[in-house]
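Each chain, letter by letter, is given below.
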Amino acid sequence: MKILVVEDEIQLQQTIVQFLENEKFIVETASTFSEGIDKLISFDYDCILLDIMLPDGDGISLLKELKKMNKKSAVIILSAKDSVDDKVEGLLVGADDYLAKPFHFAELLARIKVVFRKNHQNGEQNISYKNIILNPEDRRVLIDNNEVKLNRKEYDLLYYFMLRPEKVFQKTTLAESVWGDHIELVDSLDFIYSQIKNLRKKLKEAQAEADIQAVYGVGYKLV
Amino acid sequence: MKTSLKNYTFRYLTISLLAVLAIWAILFRSFILDEVYDNVDDGLKNQKIEIIRQSYVDPEVIKTNKFGLNQFRILPVKQEEYNEMNRLTNEMVFMPYDGEDEPYRYLRTGFYGKDGKPYALEIRTSTVEEDDLIYDLSMALFALYFFILISILLVNHFALKKAYQPFDKILKQLQSYRFGQSKELNPIETNVIEFELLQSEIASMINRNEQVFYNQKVFIGNASHELQTPLAIAINKLDLLLEQDNFEEKDYIQLAEAKNSLWRMVSLNRSLLMLSKIENHQYNIKEEVNFNQLIQETLDDYEAIFETEEIKIITEFNAEFKTLFNRDLANILISNLIRNAIKHNNKEKLILIKINHENELSISNTSDLFALNTSEIYNRFYKQGFHVESNGLGLSIVDTILKNQETIQIDYQYKDGLHQFILKK
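Our subject in this report is the structure included herewith. (Residues numbered from 1 in each chain as written. Chains lettered and ligands numbered in written order. Predicted model: local features only at pLDDT ≥ 70, side-chain atom pairs only at ≥ 80, totals over all residues.)

Some details on the overall build of chain A
- Helix and strand counts for chain A stand at eight helices and 14 strands.
- By residue count, 41% of the 223 residues in chain A fall in the buried class.
- Partitioning the intrachain contacts of chain A with sequence separation of at least 6 by distance along the chain shows that 56% fall at a separation of at least 24. (Helix = DSSP H or I, 4+ residues; strand = E, 2+ residues; numbered from the N terminus. Buried ≥ 20, exposed ≤ 12 C-beta atoms within 10 Å, placed from the backbone. Contact = placed C-beta atoms within 7 Å.)

What follows is the structure, given as structure tokens:
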């Protein structure tokens, strides 16, 4: 899967590239509007991560150009602005998603997977790890082909774990990805612990081969 | 003691007019008296000449040694006591007709009779009528004083009221003026230079302040915005580090904590951006929002938190609270109030949400804090208690949202051990 990162902040661009390469994507970059246009004309990408503010133009215009070219690439806008207008305009012009900077990499990955799935309707929909199969379309989880009933938050948690099995998720990342930015409310992140405990119980009851492991002081991972 | 402008001037006019009229009355009285005595004296002197002339014609006149009908007497004097000078005096003489002493004017002089002997002549005339004049004059002056005062009162009441109309209008506009709304003052038609000046000065002062306020807003917005990118870089670099396997456990924990701190900064930053966005009217699209539904959705979102924190939620919905509001802002409003109720709760762990009739919604919670100071709780970065994780912007955002949307007002009260925030249409 090929991704183009259009981002003028080189430091940020490089960290995103490094992360995506760790996730086994093929990544190319563009730091300016004109460089972005050149790459869009010359190559096809599955997904484009687009910064709104570029030194020689804005991401929205680039998006419009892309739509004129009739390319099928999914576009996720990355903006430091976090403004409703930008979001609405971006989505109207044809962006598939919008992510405000700064973001968790786990969140970015989840969004990429979602837009990618949307743009490849006929492709493989399900995410699977060991004997767990997760269908994001109708939010169903199958273990050994038996459906497991999960509540909304448990499903969201599992979805994040399934996207990146064997990788550690920090508690804050999980809390923010699944509950929004409500984590500041509670003195401890114990509520995640109880949610994960429930999820583990359900996985175990359904005889899943995978289990969620606590990584002391940091977070959890699916193994 | 505070008094209105027209009464204030009236108070001083009353005193100063009294003084001015008193001085004027004294001067006028002495001037008139002077004129009156001058007249009386002229009459007496004229009488003197006529009496002396008569005494030369009629020798009987010289024998008038008692004040009779003629009001004069002639007394023979020794040569040493003879004085030809006109001596004028005021004296009180007993008058039998009203049984009182009455003022008289005396002229004393001397002359040599036809017989060559020296005589003293005394002529007197009553000045009763002249004193009445002075009395009348004083009465007239008092009448004038009160008449002037009443006129001033009337002028103050009617004319000044009209004259101060532009001033009242300016005042009214200032009363309804709210800082940061960048509403221009309506220009006022006036021919009074001072009012025009006042109005233009106020307008330019407001403009200056609004400009400063606007610049500050832009600055906060830009600063928060510019911080997002470096924060994003730092967080994402830590993310990459955390994915590596070659650290020891304690290093992981350090990195994770560093990342958490950065995220707190991000959330603070986002709250500031949120405030500046609301203030910049970026949420102007309103629609009818059903708050009952909204609260239920928000409560569902927080379910996990209520569960772990063992917070008991009681909802009493007896009516539907619906109003025109921006949906995003309504969401933020309700979640901020509920978060506030969670954050400041105590071991009783109770949150009570009531909609008893269609224009009142209350969110109450138990807390260890005493009644809050309503003049401070909506301030930015105001923190009550010791919540390290709280950024002190939650209620400030609530306040800004309500001021921006203008359809709901908030009240706070501390009753029966519950902190209640009441939203009213």
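After that view, the rundown keeps rolling.
Considering the overall build of chain B
- Counting secondary structure elements, chain B contains nine helices and eleven strands.
- Classification of the 425 residues of chain B by burial places 19% in the buried group.
- Of the contacts formed within chain B by residues at least 6 apart in sequence, a portion of 65% connects residues at least 24 apart.

Here's the deal with the packing of helix H8 (residues 327–343) of chain B against helix H9 (residues 394–405) of chain B
Residues and elements named next belong to chain B.
- Here H8 crosses H9 at 145°, and the two axes come no closer than 9 Å. Note on packing geometry: the crossing formed by H8 with H9 is left-handed. Residue-level inspection shows Leu329, Ile332, Leu333, Asn336, Leu337, Arg339 and Asn340 of H8 in contact with H9, the latter providing Gly394, Leu395, Ile397, Val398, Ile401 and Gln405.
- Here the residues of the contact of H8 with H9 sort into eight nonpolar, four polar and one charged. (Axes fitted to C-alpha atoms, helices over the stretch in contact; angles between N-to-C directions. Left-handed = near helix turned anticlockwise from the far one by under 90°. Nonpolar A, V, L, I, M, F, W, Y, C, P; charged D, E, K, R; others polar.)

A closer look at the nonpolar core
- With 100 residues, the main nonpolar core has Leu49, Leu50, Val75, Ile76 and Leu158 of chain A as its most contacted residues.
- Looking at which element gives the most residues to this core, the answer is H8 of chain B, with nine residues.
- If near-sequence neighbours (up to four positions away) are discounted, Leu158 of chain A is found in contact with Leu134, Val141, Leu150 and Leu199 of chain A.
- Counting eight residues, the second-largest nonpolar core is a separate cluster that includes Leu44, Ile62, Leu121 and Ile123 of chain B. (Core = buried A, V, L, I, M, F, W, Y, C linked by C-beta atoms within 7 Å.)

With respect to the interface of chain B and chain A
- On the chain A side, the residues contacting the 38 residues of chain B number 35 residues.
- When residues of the side of chain B that touches chain A are traced back to their parent elements, those giving at least two are helix H4 (193–242), helix H5 (249–279), helix H7 (303–309) and H8 of chain B.
- Of the residues assigned to the side of chain B that touches chain A, the class counts are 17 nonpolar, eight polar and 13 charged.

Considering the packing of helix H2 (residues 33–42) of chain A against helix H3 (residues 59–68) of chain A
Residue and element names in this part refer to chain A.
- As a packed pair, H2 and H3 sit with axes 10 Å apart at the nearest point and diverge in direction by 15°. Between H2 and H3, the interaxial angle falls into the category roughly parallel. Crossing of H2 against H3: the hand is right-handed. Contacts from Phe33, Gly36, Ile37 and Leu40 of H2 reach H3 at Leu62, Glu65 and Leu66.
- Residue composition of the contact of H2 with H3, by class: five nonpolar, one polar and one charged. (Parallel < 35°, antiparallel > 145°, perpendicular 65-115°, else oblique.)

A closer look at the sheet that holds strand S11 (residues 146–148) of chain A
Residue and element names in this part refer to chain A.
- The four strands lie next to each other as S8-S9-S10-S11, forming an open sheet whose pairing is antiparallel. Strands at the two margins of the open sheet, each flanked by one partner only, are strand S8 (127–129) and S11. Along the sheet, successive strands turn relative to each other by an average axial angle of 25°, direction set aside.
- Of the strand pairs in this sheet, strand S9 (residues 132–135) and strand S10 (residues 140–143) are connected by four bridges, and their pairing is antiparallel. Residue pairing in the sheet places Leu134 in a bridge with Val141 of S10.
- Against the sheet, helix H6 (residues 152–163) engages S8, S9 and S10, with an angle of about 115° to S9. (Pairing = 2+ DSSP bridges.)

In short, shape yes, function no, at least from these values alone.
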